[in-house]
Amino acid sequence: QRWKEFGVAQPKFHVCTNAEEIATAIHEIGFPCIVKPCMMWGSRGVSKVNNENDIAFATQFAMENARGARYIVEEFMSGTEVSIEGLFKDGKAYILAKADKELQQHDNYRVTIQINYEAALSPAILNEIDELVAKAGQAMGFESGALHAECMVTPEGVKMIEMAGRPGGGHIFGAIVEAVSGVSMPQALTQILLGENMDPSARFHRGACYKFFNAPEGIFQRIEKLEEASQMPGIVDIGFTMAEG
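Report on the accompanying structure. Each chain has its residues counted from 1, following the order in which its sequence is written. With pLDDT at 70 or above as the cut-off, local features in this predicted model cover only qualifying residues; side-chain atom pairs require 80 or more to be listed or tallied, and sums for whole chains, interfaces and linings still use all residues. With hydrogens and water excluded, all non-hydrogen atoms of the structure serve as input to the side-chain values.

## What to know about the side chain of Asn108
- Put simply, DSSP H or I for four residues or longer makes a helix, DSSP E for two residues or longer makes a strand, and each gets a number counted from the N terminus. The residue Asn108 is located in the loop between β6 (92-103) and β7 (112-117) in this model.
- The exposure class assigned to Asn108 is buried, which follows from its relative accessible area of 14%.
- Here the side chain of Asn108 touches Asp54 through a polar contact of 3.4 Å, side chain to side chain.
- Setting aside residues no more than four positions away along its own chain, Asn108 makes contact with Val46, Ser47, Lys48, Asn50 and Asp54. Only protein chains enter the calculation, and the probe is 1.4 Å; a residue is then buried if its accessible area is under 20% of its type maximum, exposed if over 50%, and partly exposed in between. Side-chain atoms alone can form a polar contact between residues adjacent in sequence; in general such a contact is a pair of N or O atoms within 3.5 Å, and within protein one must be able to donate a hydrogen while the other accepts it. We call two residues in contact when some of their heavy atoms are within 4.5 Å.

## Some thoughts on helix α5 (residues 172-181)
- Of all the residues in α5, the buried ones are Ile172, Ala175, Ile176, Val177, Val180 and Ser181.
- Against β5 (80-89), β6, β7, α6 (185-193) and β10 (208-211) lie the buried residues of α5.
- Directly beyond the C-terminal end of α5, a positive phi value near 80° is found at Gly182.

## What to know about the side chain of Ser83
- Summarising the element assignment, Ser83 is placed in strand β5.
- At 3.5 Å, the side chain of Ser83 forms a polar contact with the side chain of Glu85.
- When neighbours within four sequence positions are excluded, Ser83 is seen to be in contact with Ala97, Lys98, Ala99, Lys101, His148, Ala149 and Glu150.

## As for helix α2 (residues 19-29)
- Taken as a whole, α2 has its buried residues at Ile22, Ala25, Ile26 and Ile29. Angular distribution of buried residues about the axis of α2 spans 105°; they occupy a single face of the element. Opposite the buried face of α2, by more than 90 degrees, sit the exposed residues Glu20 and Glu28.
- For α2, the capping residue at the N-terminal end is Asn18, with a side-chain oxygen 3.1 Å from the backbone nitrogen of Glu20.
- Phi turns positive, to about 95°, at Gly30, one or two residues after α2. Picture the helix axis, draw a direction to every C-beta atom, and the arc is the one those directions span.

## Let's talk about the sheet that holds strand β2 (residues 33-37)
- Paired strands are those between which DSSP finds at least two bridges. Strand order in the open sheet made by the four strands is β1-β4-β2-β3, with antiparallel pairing throughout. Each having just a single partner strand, β1 (13-16) and β3 (47-49) make up the two edges of the open sheet. Recorded for the sheet is a direction-independent mean angle of 25° between the axes of neighbouring strands.
- Pairing geometry for β1 and strand β4 (residues 71-75), over four bridges, is antiparallel. By the bridge assignment for β4, Val15 is matched with Ile72. Lines fitted to the C-alpha atoms define the axes, with helices restricted to the stretch that makes contact. Angles between their N-to-C directions range from 0 to 180 degrees.

## A closer look at the pairing of β6
- Of all 12 residues making up β6, 10 are buried, and the element is well covered by its neighbours.
- Relative to β6, β5 is paired through eight bridges, and the arrangement is antiparallel. Within β6, the position partnered with Gly86 by the bridge is Ile95.
- Hairpin geometry of β5 and β6 is characterised by an intervening segment of two residues between the two adjacent antiparallel strands and by a positive phi of about 55° at Asp90.
- Pairing of β6 with β7, which is carried by five bridges, proceeds in the antiparallel orientation. Residue pairing across strands places Asp100 opposite Asn116, the latter belonging to β7.

## Things to note about the packing of aromatic side chains
- Stacked, tilted and edge-to-face pairs are distinguished by plane angle, under 30 degrees for stacked and over 60 for edge-to-face with tilted covering the rest, among Phe, Tyr and Trp rings (Trp via its six-membered ring) whose centres lie within 6.5 Å. Considering all chains together, one arrives at seven aromatic pairs under this definition.
- On the basis of an interplanar angle of 80° and a centroid distance of 6.2 Å, the ring pair of Phe57 and Tyr109 is categorised as edge-to-face. Taken together, the residues span a long stretch of sequence, with Phe57 in helix α3 (residues 55-64) and Tyr109 in the loop between β6 and β7 at a distance of 52 residues.
- A residue is classified by how much of its surface remains accessible, and Tyr109, at 24% relative accessible area, is partly exposed.
- Ring geometry for Phe220 and Phe240: centres 5.2 Å apart, planes at 45°, overall tilted. Taken together, the residues Phe220 in the loop between β10 and α7 (226-230) and Phe240 in the segment after α7 connect sequence positions 20 residues apart.
- The exposure class of Phe220 is buried, given its relative accessible area of 17%.
- Sitting over the ring of Phe76, Lys48 keeps its end group 4.4 Å from the ring centre. Look at NZ for Lys and CZ for Arg. If either is within 6 Å of the ring centre and within 35 degrees of the ring normal, a charge sits over the ring.

Next comes the structure, spelled out in structure tokens:
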């Protein structure tokens, strides 16, 4: 809603509070569209609605995975999804890392399976992303702190998907941003919050690949040689959290 007020490019959307409002919004926006909780994480509760048959599932899925009773129905965007990490200092955005995302191919889900830094896009598009993310953060009142955002590069231009005043999750904050930009994001964020005089600009732009394991169907029994894998050339960090059984 803030982005709409400030003219930040984004998909058409409606904010809903119950199943009836979700159904009405879906028919107003049209198929395909996205239904998701206003507040959650890790793509939980987010699904694509292709036709009438998907509405009941998408509504229940969003409601079961929501923190609070607010939901978004938004226009589906096709294109390249880009993940952005950065910092705000004195109201100015410093973009440290941009990655294109490879998504799971499914009729209803789009969970990320690989994140590739630096995003394989033209300099003009990369600049457009920087400007859009800065504008989006300023519209939200970001002054000092971290930013994590997603946008979509569409045939009609770059559009925002979401943004939070926090670092990216997993290995992004503590390892990947520094590997690709030369800036220790935890250290830089701490210095900004302490009001120290420093420059959080990226020192360079290098490549990295954040890849997620896709286990075959079955019962997980054990993992072997994780320590050996962490010592392989080119590995920045590796982790495995699935519980046995």
